[in-house]
Amino acid sequence: MESKDFNYERIFNSKIDFDEGLVKTWLDNKNFRAKLLFRMTEDGENFKTFHQKCDNKGSTMTIIETENGLIFGGYTDLNWDTSNIKKNDKDTFLFSFNHRKKYPKRNDNYSIYCSDTQGPKFGHGPQIYFDKNFKRGLSDSTEGNSFVLNNKFVNGERNGSISNRISKINKD
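Structural notes, computed from the coordinates. (Residues numbered from 1 in each chain as written. Predicted model: local features only at pLDDT ≥ 70, side-chain atom pairs only at ≥ 80, totals over all residues. Heavy atoms only, no water.)

Brief notes about the packing of aromatic side chains
Thinking step 1. Taken as a whole, this structure holds 9 aromatic pairs when the rule is applied.
Thinking step 2. A ring pair is formed by Trp80 and Phe122, whose centres lie 5.4 Å apart and whose planes are at 80 degrees; its orientation type is edge-to-face. In this pair, Trp80 sits in the loop between strand S3 (71-76) and strand S4 (85-87) while Phe122 sits in strand S8 (residues 121-122), placing the two residues 42 residues apart along the sequence. One exposure class covers both Trp80 and Phe122, and it is buried. (Phe/Tyr/Trp six-rings, centres within 6.5 Å; stacked < 30°, edge-to-face > 60°. Helix = DSSP H or I, 4+ residues; strand = E, 2+ residues; numbered from the N terminus. Buried < 20%, exposed > 50% of the residue type's maximum accessible area, 1.4 Å probe, protein only.)

Spelled out as structure tokens, the structure:
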């Protein structure tokens, strides 16, 4: 189900084909529509712009693509904001398009951290985050953090991103 405000090529213009059916299974087989809120290559490497465009929008999917072709990210139903607090939600998860896998949230720790000086952060550690200059999306696949991962998540790499995108997700 493709919304008129959602262009898969525009959001997912990478070496990995976007698989709407796969994402639908990650969202408990609910149909969804997505609307691009923020794209680093168009909106700039600036956490303030991220907050202007993405705060208090509800469910979002953050996607990071590295120079090595790794595409991974996180999904949350929680609002991003500048509260400097940890938030918890059972439905937040991480994913890898390369491995076609969803990494569920554990019952402990927190799902996201909302910072007034940084972009999105997923998990304790954190496990997916952006550096302070908002120039690099990074991942830490250390076991024992907020999400059930394995070292295949991003092959243990902590690479900078070439593209970061955040989209609002509406589940039907």
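Here's the deal with helix H4 (residues 47-54)
An α-helix turns once per 3.6 residues; consequently, residues spaced three or four apart project the same way.
Thinking step 1. For H4, the complete set of buried residues consists of Phe47, Thr49, Phe50, His51 and Cys54.
Thinking step 2. For H4, the N-terminal cap is Asn46; the gap from its side-chain oxygen to the backbone nitrogen of Lys48 is 2.6 Å. (Polar contact = N/O pair within 3.5 Å; in protein donor to acceptor, adjacent residues only side chain to side chain.)

Concerning the nonpolar core
Thinking step 1. With 18 residues, the main nonpolar core has Phe38, Phe50, Cys54, Trp80, Ile112, Phe122 and Ile128 as its most contacted residues.
Thinking step 2. For this core, the secondary-structure elements that each account for two or more residues are strand S1 (32-39), H4, strand S7 (112-114) and strand S9 (128-130).
Thinking step 3. In terms of nonpolar packing, the next biggest core, distinct from the first, is built from 14 residues, Leu22, Ala34, Ile63 and Phe97 among them. (Core = buried A, V, L, I, M, F, W, Y, C linked by side-chain atoms within 4.5 Å.)

Description of the pairing of strand S5 (residues 93-96)
Thinking step 1. Going residue by residue along S5, you find Phe93 and Phe95 tucked away on one face and Leu94 and Ser96 tucked away on the opposite face as well.
Thinking step 2. The sheet contact formed by S3 and S5 spans 4 bridges and is antiparallel. Bridge pairing in S5 links Phe72 to Ser96.
Thinking step 3. Hairpin geometry of S5 and strand S6 (residues 101-104) is characterised by an intervening segment of 4 residues between the two adjacent antiparallel strands and by a positive phi of about 50 degrees at Arg100. (Pairing = 2+ DSSP bridges.)

Focus on the pattern of salt bridges
Thinking step 1. Taken as a whole and assessed by the stated rule, the structure comprises 3 salt bridges.
Thinking step 2. The salt bridge involving Lys87 is made with Asp81; its shortest N-O contact spans 2.6 Å.
Thinking step 3. In this structure Asp81 comes out as buried when scored by relative accessible area, which is 15%.
Thinking step 4. The salt bridge involving Lys90 is made with Asp91; its shortest N-O contact spans 3.3 Å. (Salt bridge = Lys/Arg side-chain N within 4 Å of Asp/Glu carboxyl O.)

Let's talk about the side chain of Thr76
Thinking step 1. Along the chain, Thr76 falls in strand S3.
Thinking step 2. Judged by relative accessible area, Thr76 falls into the buried class, the value being 0%.
Thinking step 3. Engagement of the side chain of Thr76 in a polar contact is seen with the backbone nitrogen of Leu78, the distance being 3.0 Å.
Thinking step 4. Ignoring any residue separated from it by four or fewer positions in sequence, one finds Thr76 in contact with Gly58, Ser59, Thr60, Asp89, Thr92, Ile112 and Phe122. (Contact = heavy atoms within 4.5 Å.)

Thoughts on the environment of Leu70
Thinking step 1. Looking at where Leu70 falls in the secondary structure, it is placed in the loop between strand S2 (60-66) and S3.
Thinking step 2. Residues Leu70 and Ser96, spaced 26 residues apart in sequence, show a C-alpha to C-alpha distance of 8.0 Å.

Section: the environment of Asn170
Thinking step 1. Of note, Asn170 is situated in strand S11 (residues 161-171).
Thinking step 2. Here Asn170 falls in the partly exposed class, since its relative accessible area comes to 29%.
Thinking step 3. Taking C-alpha positions, Asn170 is 5.4 Å from Phe32, a pair spaced 138 residues apart along the chain.
Thinking step 4. Sequence-distant contacts of Asn170, that is, excluding residues within four places in its chain, are made with Asn31, Phe32 and Arg33.

Purely geometric stuff here, so don't read any function into it on its own.
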